[in-house]
Amino acid sequence: MEAIVYEEFGGPEVLRQVRVEDVHAGPGQIRVAVRAAGVNPVDHKIRNGWMEAAFPTPLPATPGVEFAGVVDETGAGVTEFAVGDEVLGRSATGAYAEYVLADVGVVARKPEVLGWAEAAALPLATATAVRVLDELEVSEGETLLLHGASGAVGSAAVQLAVARGATVVGTASPANHDYLRVLGAVPVAYGEGLVKRVREAAPQGVDAVFDVVGKGALADSVELRGGTADRIATISDPDAAHFGVAFSAGGGNSPDEGRRLGGYAQAASVGGLRIPVERTFPLREAARAQELSEAGHVRGKLVLLPGEH
C-alpha cells in the first residue's frame, strides 16, 4: 500500500511517499480504506521529535491520528462493523496511508450526508476538546479562556463548552473574530496586552484556561487566574512545568469514545457542530500540508485525500 513515511526526525522534507507492507486487522480491529486523513499540529511535533517524552515513536513511522473511510476487513470478534461500512475514527496505525487499522471502540459510523473531509476533521478535535474540558471541570455559569480558539480543537472546544453553559473568551487573530462570534465565543486578539483585553471582555474573571496553541500565553493565564496555575491546562506548551501548569497529553482510549464520536458526527451532519475544512491535499502533498499546519493561523482543518491525484 502507499503511505507517507519518515525514517528520521526533522522538518517536512523527511516525509516521503513509498510503498509499504499492507496492514491487516487483528482481534477487535477493522481495516479501513482511507478516504480522508486529518492533519494536526501534533503530527509535525512528533515528526520533529519534540514529543518523544509523551509519544515515543519507533522509526520508520507513518504520521496521522484520524481518518474517515470504508471498512474492507474485520478482525476476530468484530460484530460492530462490516465490510462496506463508512466510518470515522482514530487510528492504531498512521492515517497518512491507503489503509489504516483501528480499534472498534474509537470508531463510529459516518452519516451518509457528511463529507469525507468533514468526517476526518472530527475525531481528534472532539476527543481532545472533551478530555481537557472534563479535566478542567468546565461547567455551567463559568468563564473559560481558550487560547487558539479558531483552529480545529479550539473550534470544537468553543462549541462544546458553550453547550455546557459556559462563557468562552477565545483568542485568535482579528481575521477570525467574526468566525468565533458565530461559534458562540467572545473573541480577543492574542499578543501584548492580552491580560487587559481579557479582563475587559470578562470582568467577572476567568474560571479556567485551555491553551491549544502553546504560543507563550501561560504567564498571562496564571495572572488572569489570580496567580495560581489551578484549572489551567495546555496541550502544546513545552514550558508548562515551569509555570506549574498541567500538560494534557491524552493517551489511551476512552471507553465511550466511539459512542461520543457518533453523536458528534450526527451533529456535524445537520450543522450542529462546525469544524470547517480549510484546505485539502492529495497524499503526495503531505509535507506541504504539515508546513501550513506548523506555520499556524489555520482556521479549522487541513485534510489529506489519499485517493486524490
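Let us look at the structure shown here. Being a predicted model, the structure only gives us computed values, none of them experimental.

## Quick notes on the nonpolar core
The tendency in soluble globular proteins is for nonpolar side chains to be buried side by side. Judged by nonpolar contacts, the single largest core of 47 residues is most densely connected at Leu-88, Leu-122, Leu-136, Leu-144, Leu-146 and Phe-210. Among the elements of the structure, α2 (116-120), α3 (123-136), β8 (143-147), α4 (152-163), α5 (177-183), β11 (208-211), α8 (257-269) and β15 (301-305) are those that each provide at least two residues to this core. For this core, the element with the highest residue contribution is α4, accounting for 7 residues. Setting aside residues up to four positions removed in sequence, Leu-88 forms contacts with Phe-67, Ala-68, Val-106, Val-107, Ala-108, Arg-109, Lys-110, Ala-119, Leu-122, Pro-123, Leu-261 and Ala-265. One finds Ile-46, Val-87, Leu-124 and Leu-283 within the second-largest nonpolar core, a separate group that totals 33 residues.

## Side note on the pairing of β11
The side-chain alternation of β11 yields two buried faces, one formed by Ala-208 and Phe-210 and the other by Val-209 and Asp-211. Between the parallel elements β11 and strand β12 (residues 232-234), the chain passes through helix α7 (residues 218-224) in a crossover that is right-handed.

## With respect to helix α9 (residues 286-295)
Think of an α-helix as turning once every 3.6 residues; residues three or four places apart then point the same way. For α9, the full list of buried residues reads Ala-286, Ala-289, Gln-290 and Ser-293. Seen from one end, α9 has its buried residues packed into an arc of 95°, which puts them on one side. The inward-facing, buried residues of α9 abut β1 (2-5), β3 (29-39), α1 (41-47), β14 (277-282) and β15.

## Digging into the packing of α3 against α8
Remark: α3 packs on α8, axes separated minimally by 10 Å, with the N-to-C direction vectors making an angle of 115°. Between α3 and α8, the angle is such that the two are roughly perpendicular. The element α3 and its partner α8 pack so that their crossing is right-handed. Along the contact surface, α3 presents Pro-123, Thr-126, Ala-127, Val-130 and Asp-134, while α8 presents Glu-257, Arg-260, Leu-261 and Tyr-264. Classifying every residue of the contact of α3 with α8 by side-chain character gives 5 nonpolar, 1 polar and 3 charged.

## Focus: the pattern of salt bridges
One pass over the structure, following the stated rule, counts 19 salt bridges. The residue Lys-196 makes a salt bridge to Glu-200 at a minimum N-O spacing of 2.6 Å. With Lys-196 and Glu-200 both in helix α6 (residues 194-201) and 4 residues apart, this pair spans about one turn of that helix. A residue is classified by how much of its surface remains accessible, and Lys-196, at 56% relative accessible area, is exposed.

## Comments concerning the environment of Arg-181
Residue placement: Arg-181 occurs in helix α5. Note: C-alpha distance between Arg-181 and Gly-170 (11 residues apart in sequence) is 9.3 Å.

## Considering the side chain of Glu-73
Secondary-structure assignment places Glu-73 in strand β4 (residues 66-74). Buried charged residue Glu-73 carries no salt bridge. Nearest counter-charge: Arg-31, at 4.1 Å. Leaving out residues up to four positions away in the same chain, Glu-73 has contacts with His-24, Ala-25, Ile-30, Arg-31 and Val-83.

About the cut-offs
Residues numbered from 1 in each chain as written. Predicted model: local features only at pLDDT ≥ 70, side-chain atom pairs only at ≥ 80, totals over all residues. Heavy atoms only, no water. Core = buried A, V, L, I, M, F, W, Y, C linked by side-chain atoms within 4.5 Å. Buried < 20%, exposed > 50% of the residue type's maximum accessible area, 1.4 Å probe, protein only. Helix = DSSP H or I, 4+ residues; strand = E, 2+ residues; numbered from the N terminus. Contact = heavy atoms within 4.5 Å. Right-handed = clockwise from strand over helix to strand, strands pointing away. Arc of directions from axis to C-beta. Axes fitted to C-alpha atoms, helices over the stretch in contact; angles between N-to-C directions. Parallel < 35°, antiparallel > 145°, perpendicular 65-115°, else oblique. Left-handed = near helix turned anticlockwise from the far one by under 90°. Nonpolar A, V, L, I, M, F, W, Y, C, P; charged D, E, K, R; others polar. Salt bridge = Lys/Arg side-chain N within 4 Å of Asp/Glu carboxyl O. Lys, Arg positive; Asp, Glu negative; His and termini not counted.

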